[in-house]
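Structural features, examined
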Amino acid sequence: PASDLLLLVDFHKVRWDLAKDLISTWAGMVFVVSFSSCLDVAAISMDMGESLDTNNELMTVGISNFVSGLAGGFTGSYIFSQTIFTYRTNCRSRWIGVIVAFTFILVV
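Because the structure is predicted, anything quoted here is derived from the model rather than measured.

Some words on the pattern of salt bridges
Pairing is possible between side chains of opposite charge, provided their charged atoms come close. All chains considered together, the criterion is met by 3 salt bridges. Among the ionic pairs, Arg88 bridges to Asp47, the shortest N-O distance being 2.6 Å. Of this pair, Arg88 sits in helix H3 (residues 80–88) while Asp47 is found in helix H1 (residues 23–48), placing the two residues 41 residues apart along the sequence.

What to know about unusual backbone geometry
Only a minority of non-glycine residues have a phi that is not negative, and only a minority of peptide bonds are not trans. Even without a glycine there, the phi angle at Asn90 is positive, about 65 degrees. Relative to the assigned elements, Asn90 resides in the loop between H3 and helix H4 (95–107). Note on Asn90: relative accessible area 56%, which makes it exposed.

So, the packing of aromatic side chains
This model, assessed by the stated rule, comprises 2 aromatic pairs. Relative to Trp16, the ring of Phe11 lies with its centre 6.5 Å away and its plane at 15 degrees, an arrangement referred to as stacked. Residues Phe31 and Phe35 carry aromatic rings whose centres are separated by 6.1 Å and whose planes lie at 10 degrees to one another, so their mutual orientation is stacked. In this pair, Phe31 and Phe35 are both assigned in helix H1, 4 residues apart and thus about one turn of the helix distant.

Comments concerning the layout of surface pockets
Each pocket or cavity is described by its volume, and for the second largest pocket that value is around 560 Å³. In terms of lining, the second largest pocket is formed by Phe11, Val14, Trp16, Ala19, Leu22, Trp26, Met29, Val30, Val33, Ser34, Asn65 and Thr75. Residues of the lining of the second largest pocket, tallied by class, amount to 9 nonpolar, 3 polar and no charged.

Each value, and the rule that gives it
Residues numbered from 1 in each chain as written. Predicted model: local features only at pLDDT ≥ 70, side-chain atom pairs only at ≥ 80, totals over all residues. Heavy atoms only, no water. Salt bridge = Lys/Arg side-chain N within 4 Å of Asp/Glu carboxyl O. Helix = DSSP H or I, 4+ residues; strand = E, 2+ residues; numbered from the N terminus. Buried < 20%, exposed > 50% of the residue type's maximum accessible area, 1.4 Å probe, protein only. Phe/Tyr/Trp six-rings, centres within 6.5 Å; stacked < 30°, edge-to-face > 60°. 1 Å grid on protein atoms, 1.4 Å probe; cavity = no way out; pocket = protein on both sides within 12 Å on 5 of 7 lines; lining within 4 Å. Points joined across faces, edges and corners; volume = space filled by probe spheres on them. Nonpolar A, V, L, I, M, F, W, Y, C, P; charged D, E, K, R; others polar.

As structure tokens, then:
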């Protein structure tokens, strides 16, 4: 089960005294990911020719990154090229996301 991922981390070995030194790096990462996500939403909206709910899109990215971080994963944003490709090929099914996720799990 996914909860076994938490067993991979031994919090007794974490150097908590160094956490304060990483605050500026963390803040920089938050800024870069937030800014790039805004640009992704704007670019996708422009390519589609329709307005997107920016707040909803950014909330989705934020929640996904939070959950990914809790599970020991990586932060992420939109797969811009896949989004545009899927839109241009007139695929409107959510199954494309399931297929990409499944393929990623098989590869990793």
